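# Chain and residue survey
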Amino acid sequence: PPPPQMPIQVHRVLRPGGKIIISQSNRCFPSKAISMWLQMNDRQHLELINAYLQYAGGFKPREAFDITAEVPGNSYNDPMFIVEAIKEA
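All of the points below concern the structure found in this document.

What counts, and where the lines are drawn
Residues numbered from 1 in each chain as written. Predicted model: local features only at pLDDT ≥ 70, side-chain atom pairs only at ≥ 80, totals over all residues. Heavy atoms only, no water. 1 Å grid on protein atoms, 1.4 Å probe; cavity = no way out; pocket = protein on both sides within 12 Å on 5 of 7 lines; lining within 4 Å. Points joined across faces, edges and corners; volume = space filled by probe spheres on them. Helix = DSSP H or I, 4+ residues; strand = E, 2+ residues; numbered from the N terminus. Nonpolar A, V, L, I, M, F, W, Y, C, P; charged D, E, K, R; others polar. Pairing = 2+ DSSP bridges. Axes fitted to C-alpha atoms, helices over the stretch in contact; angles between N-to-C directions. Buried < 20%, exposed > 50% of the residue type's maximum accessible area, 1.4 Å probe, protein only. Lys, Arg positive; Asp, Glu negative; His and termini not counted. Salt bridge = Lys/Arg side-chain N within 4 Å of Asp/Glu carboxyl O. Contact = heavy atoms within 4.5 Å. Core = buried A, V, L, I, M, F, W, Y, C linked by side-chain atoms within 4.5 Å.

Estimates place the volume of the largest pocket at around 340 Å³. Pro3, Trp37, Leu48, Ile49 and Tyr52 are the residues nearest the centre of the largest pocket, which is lined by 14 residues in total. When contributions to the lining of the largest pocket are tallied by element, the ones reaching two or more residues are helix H1 (6-13), strand S1 (19-25) and helix H3 (42-56). Considering every element that reaches the lining of the largest pocket, the biggest residue donor is S1, with 4 residues. When the residues that make up the lining of the largest pocket are grouped by side-chain class, the tally is 10 nonpolar, 3 polar and 1 charged.

Below, the structure written as structure tokens:
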């Protein structure tokens, strides 16, 4: 389904208390991403994911986490984030 519909379908099949975890990083195929996504920063990506979950309804307040790996000497940085949402009972 299109991105705004995906959380609705996940909510439909999750048991109460079930969790959805959505991950996002800066890695993507620009030819496959919508232009809006390419113009957004990491925070805006997380806000968009949260908005999709809010639109779906029936989830407890979401939590976002920065799970970026720490590389010695900061020689490489690939930000990685997850958003967790739990279906309300």
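Anyway, onward from the coordinates.
In this section: the sheet that holds strand S2 (residues 63-66). Taken together, the 3 strands give an open sheet; going across it, the order is S1-S3-S2, and neighbouring strands pair in antiparallel fashion. The sheet terminates laterally at S1 and S2, the two strands that pair on one side only. Strand after strand, the sheet turns through a mean of 20° between neighbouring axes, direction not considered.

With that settled, consider the side chain of aspartate 42. Mapped onto the fold, aspartate 42 is located in helix H3. Despite its burial, aspartate 42 remains without a salt bridge, the nearest opposite charge being carried by arginine 43 at 11 Å. The residues contacting aspartate 42, other than those within four sequence positions of it, are Gln24, Asn26, Pro79 and Phe81.

A few words on the nonpolar core. With 10 residues, the main nonpolar core is built from Leu14, Ile20, Ile22, Leu46, Ile49, Leu53, Phe59, Phe81, Val83 and Ala85. Those elements giving two or more residues to this core turn out to be S1, H3 and strand S3 (80-86). Excluding its chain neighbours within four sequence positions, the residues that come into contact with valine 83 are Ile20, Ile21, Ile22, Leu46, Ile49, Leu53, Arg62, Glu63 and Ala64.

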